[in-house]
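Close look at the chain arrangement
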Amino acid sequence: MSVKVDDIRSISLEKLNKFVDKNNFPLYRSNQIFNWINKSSVKSFDDMTNLPKSLIDLLKENFRLNFSQISSKQISIDSTMKFAIKLHDKLVVESVLIPSGDRVTACVSSQVGCSLDCEFCATSKLLRMRNLESYEIFDQIILLNEQSIENYSLPISNIVFMGMGEPLLNYNNVINSINLITGKEGIEISNKKITLSTSGISKMIHKMADDNVKFNLAISLHSAIESTRNEIMPFSKSFPLNQLIKSLEYWYEKTKRKVTFEYLIWKGINDDFEHINALVKICKRVPSKVNLIEYNSIDDPRFSKADELWVNKYLNILKENKVSASIRRSRGKDIQAACGQLANKH
Ligand code: SAH
């Protein structure tokens, strides 16, 4: 029995040429197959309508085409939609569509589960099962784009890597997926409309800057004081704040693009002037803007949303210091589709 490769979409044209040749088909067939597998529309071998049946059967015997499938869909009262996406090995990730005026933002996952331990995030309670392949991230976008057009009559306008997982711990596949999404087989979206969010893996931020990537960067900061950050995001003990800030300065130096700091404010954790001042200090070092995100409860008594008063203090003091800041209200809370709520509960 022949050993099946994982997915035909992960093999090169060269290998495809060899396969076609070995099986006595003319070489142009290989180009045809390559075109099909690099087109978003092809979800099964039977869709490759210009190939002879004998070649389709041979492909089915030797390869898989693991196009992911939507296994469930939930719709929020605010029109946000959450999708459970089933992968070829039956594992499931979640993706979200967030409509707003004439824009639709797709929030995609980069890993099944997450290996980080942010105490306030529901996804961190899931084990990290595996990284997503680049074509699996790409499939999420293709499926979400179809859903967006069907449900909102608009294609996806923005993409955020803010679903399950830590994108910078699956760097190569994430970068390849962005190349597919923005490439000619993708959905005609520019890098400028894509944002990668990281909990702050400093050495990978360095690498991204060196690789000259063109998309936007967001950092889940939540505290600019090391001891607090280490408590609420214990993994960050391996990524000291100072190294993180240095990597962001380097990012700006190389890309000239501001970073966005994502920031949650909790009662008794960071609702005080010491934390506000520390944030202001970092924002003065790193050209940036701040998104104050509304905390979505995950039923952990240690965490509760700070009073509105403190949110306004953050907002005002940041503005007084000429740091651009805004409040990001949650969407899709009623269906557990909001930030930090993705935990495969359908
Ligand atoms: N691992 C990456 C990608 C996930 S993005 C990262 O951390 O950036 C998900 C965003 O939601 C992060 O900014 C995260 O800190 C935030 N988040 C996590 N739990 C949350 C919660 N309960 N309420 C609101 N935001 C939360």
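Residues numbered from 1 in each chain as written. Predicted model: local features only at pLDDT ≥ 70, side-chain atom pairs only at ≥ 80, totals over all residues. Heavy atoms only, no water.

In this section: the overall build of the chain. Within the chain one finds 10 helices and 12 strands. In terms of overall size, the chain behaves like a compact globule, its C-alpha atoms giving a radius of gyration of 22 Å where 346 residues would be expected to give roughly 20 Å. Once the C-alpha set of the chain is aligned to its principal axes, its extents read approximately 75 × 40 × 40 Å. Looking at the chain residue by residue over its 346 residues, the buried ones come to 55%. In the chain, of all internal contacts separated by at least 6 residues, the share reaching a separation of at least 24 is 66%. If you sum the accessible surface of the chain, you get close to 16000 Å²; carbon and sulfur atoms cover 50% of it. (Helix = DSSP H or I, 4+ residues; strand = E, 2+ residues; numbered from the N terminus. Rg over C-alpha atoms; globule rule 2.2 N^0.38 Å. Buried < 20%, exposed > 50% of the residue type's maximum accessible area, 1.4 Å probe, protein only. Contact = heavy atoms within 4.5 Å. Areas by Shrake-Rupley, 256 points an atom, 1.4 Å probe, with all protein chains shown as cover.)

By domain assignment, the chain separates into domain 1 (8-62) and domain 2 (69-335). Between the C-alpha centres of domain 1 and domain 2 the distance comes to 37 Å. In this complex, domain 1 contributes six residues to the contact, which on the side of domain 2 involves seven residues. For the interface between domain 1 and domain 2, the tally reads two salt bridges. In this structure, the salt-bridge partner of Asp-139 is Arg-9, at a minimum N-O distance of 2.7 Å. In this structure, the connection of domain 1 to domain 2 is made through two residue pairs in polar contact (both at pLDDT 80 or more). Grouping the amino acids of the side of domain 1 that touches domain 2 by side-chain chemistry returns no nonpolar, three polar and three charged. (Domains from an automatic or database assignment. Salt bridge = Lys/Arg side-chain N within 4 Å of Asp/Glu carboxyl O. Polar contact = N/O pair within 3.5 Å; in protein donor to acceptor, adjacent residues only side chain to side chain. Nonpolar A, V, L, I, M, F, W, Y, C, P; charged D, E, K, R; others polar.)

This next bit is on the packing of aromatic side chains. Tallied over the entire structure, the rule returns nine aromatic pairs. Ring centres of Phe-19 and Phe-63 lie 4.9 Å apart, and the angle between their planes is 70 degrees; this geometry places the pair in the edge-to-face category. Linking Phe-19 in helix α1 (residues 13-22) with Phe-63 in the loop between α3 (53-62) and β1 (69-75), this pair joins segments that are 44 residues apart in sequence. Relative accessible area serves as the criterion here: at 9%, Phe-19 is assigned to the buried category. Taking the centre distance of 6.0 Å and the plane angle of 70 degrees together, the rings of Trp-266 and Tyr-295 count as edge-to-face. (Phe/Tyr/Trp six-rings, centres within 6.5 Å; stacked < 30°, edge-to-face > 60°.)

When you line up the elements, Ser-124 lands in the loop between β5 (111-112) and β6 (130-131). Take Ser-124: its relative accessible area is 15%, and that puts it in the buried class. At a separation of 2.8 Å, a polar atom in the side chain of Ser-124 contacts the main-chain carbonyl oxygen of Cys-118. Among the polar contacts made by the side chain of Ser-124, one reaches the main-chain carbonyl oxygen of Cys-121 at a distance of 2.9 Å. Every residue in contact with Ser-124, bar those within four places of it in the chain, is listed here: Leu-116, Asp-117 and Cys-118.

Ile-8, Leu-59, Phe-120, Ile-159, Met-208, Phe-261 and Val-290 are the most contacted members of the largest nonpolar core, which has 117 residues in total. For this core, the leading source of residues is helix α4 (residues 134-152), giving seven residues. Taken together, domain 1 (8-62) and domain 2 (69-335) each give at least three residues to this core, which thus spans both. Sequence-distant contacts of Phe-261, that is, excluding residues within four places in its chain, are made with Ile-219, Leu-221, Leu-248, Ile-282, Cys-283, Val-286, Ser-288, Lys-289, Val-290 and Asn-291. (Core = buried A, V, L, I, M, F, W, Y, C linked by side-chain atoms within 4.5 Å.)

To continue, consider the sheet that holds strand β2 (residues 81-86). Strand order in the open sheet formed by 10 strands is β1-β2-β3-β4-β7-β8-β9-β10-β11-β12, and the pairing between neighbours is mixed. Two strands bound the open sheet, and with one partner strand each, they are β1 and β12 (324-328). Strand-to-strand twist across the sheet, computed as the mean angle between neighbouring axes with direction ignored, equals 25 degrees. Of the strand pairs in this sheet, strand β10 (residues 259-264) and strand β11 (residues 288-293) are connected by six bridges, and their pairing is parallel. Paired with Phe-261 across the strands is Val-290, a residue of β11. Strands in contact with helix α5 (residues 171-182) are β7 (158-161) and β8 (194-198); relative to β7, the strand with the most contacts, it is inclined by about 175 degrees. (Pairing = 2+ DSSP bridges. Axes fitted to C-alpha atoms, helices over the stretch in contact; angles between N-to-C directions.)

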